[in-house]
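Structure at a glance
Take a look at the letters that make up each chain.
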Amino acid sequence: TQSTRPQRLLSAVQKNATRGDPCSVVRAIDDFCRHKEWAMNVGDEKGCILDSVVSEMNPAAVLELGTYCGYSTVRIARLLPPDAKFITLEFNPGFAAIARQVIAWAGLEEKVQLVEGASGDWIPKIKEQFGIKTFDLVFLDHWKDRYLPDTKLMEECGLLRKGSVLLADNVICPGTPDYLEYIRSSPKYESRYFKSHLEYTKVEDGLEKSIFLG
Ligand code: SAM
Ligand code: MG
């Protein structure tokens, strides 16, 4: 067929999820990716860990690096307080266009600011452009070699405060060795691994939760 995987994922949402019901959107995507076509969403198993970190923190300002089709965006946005600021960054315009429709189907477009462009370009401009002081929570799930440089960039730009949480996906598979080594050995962070599995598989993967100590 001519359609792309993200387009087929969107069609599955439109067919199987209820408009305005984020949980049904999450379920429709998990069902499509588990039984039809694998896709690089954080997925249901690690998604539960993500949910508990978000719920526990009740963050007022959240940054997501890597939107793809908006799966984790919907998971996060559905748990945020009404006045929270939530920015998600995606540099692939085709993925961003699908994500906008997935987010809208979930009825969450008011709670999410999807910004198109590369993290390295946007991070230095975020404070000014979006009136953000610091982020309470950052979900890192873009290309794995960008976790470390973007973390250092967020530090330099003053986007982290004492107690800000970095939650990084795929630290084992595909893996982010330079990031893990930095975040676990730096006295600026208190870091913990949450063991799980790569989305829709039995392969080990996990999330690293790192608290910025200032
Ligand atoms: N967080 C999504 C989820 O769980 O549903 C999955 C994100 S996917 C693993 C990674 C995405 O990051 C891709 O869509 C890719 O285009 C995007 N990306 C990679 N590097 C980026 C960068 N430097 N800036 C912005 N987006 C980036
Ligand atoms: Mg991931």
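To keep things clear, this report deals only with the structure shown in the data block. (Residues numbered from 1 in each chain as written. Chains lettered and ligands numbered in written order. Predicted model: local features only at pLDDT ≥ 70, side-chain atom pairs only at ≥ 80, totals over all residues. Heavy atoms only, no water.)

**A few points about helix α8 (residues 147–156)**
Here α8 lies mainly inside the structure; 7 of its 10 residues are buried. Of the residues trailing α8, Gly-158 is marked for its positive phi of about 70 degrees. (Buried < 20%, exposed > 50% of the residue type's maximum accessible area, 1.4 Å probe, protein only. Helix = DSSP H or I, 4+ residues; strand = E, 2+ residues; numbered from the N terminus.)

**A short note on the pairing of strand β5 (residues 160–168)**
Side-chain positions along a regular strand alternate between the two faces of the sheet. Note that strand β4 (residues 135–140) and β5 share 5 bridges and pair parallel. Residue pairing for β5: Leu-137 is matched across the bridge by Val-165. The parallel pair β4 and β5 is bridged by α8, and the resulting crossover is right-handed. Sheet topology places β5 next to strand β7 (residues 204–212); 4 bridges connect them, and they run antiparallel. Among the inter-strand pairings, Leu-167 is bridged to a residue of β7, identified as Lys-209. (Pairing = 2+ DSSP bridges. Right-handed = clockwise from strand over helix to strand, strands pointing away.)

**Details of unusual backbone geometry**
With omega at 0 degrees, the peptide bond leading from Cys-173 into Pro-174 counts as cis. Backbone geometry places Asn-58, a non-glycine residue, at a positive phi of 45 degrees. Assignment of secondary structure puts Asn-58 in the loop between α3 (43–57) and β1 (61–65). Given a relative accessible area of 47%, Asn-58 falls into the partly exposed group.

**Some remarks on the site of ligand 1**
Around ligand 1, a shell composed of 21 residues is seen, among which Val-42, Gly-66, Ser-72, Glu-90 and Asp-141 lie nearest. Taking Ser-119, its main chain carries an N or O atom lying 2.9 Å from a nitrogen atom of ligand 1. Within the backbone of Trp-143, an N or O atom sits 3.4 Å from a nitrogen atom of ligand 1. Protein contacts shield 98% of the accessible area of ligand 1, which totals 600 Å² for the unbound molecule. By residue class, the composition of the shell around ligand 1 is 10 nonpolar, 8 polar and 3 charged. (Near = heavy atom within 4 Å. Polar contact = N/O pair within 3.5 Å; in protein donor to acceptor, adjacent residues only side chain to side chain. Areas by Shrake-Rupley, 256 points an atom, 1.4 Å probe, with all protein chains shown as cover. Nonpolar A, V, L, I, M, F, W, Y, C, P; charged D, E, K, R; others polar.)

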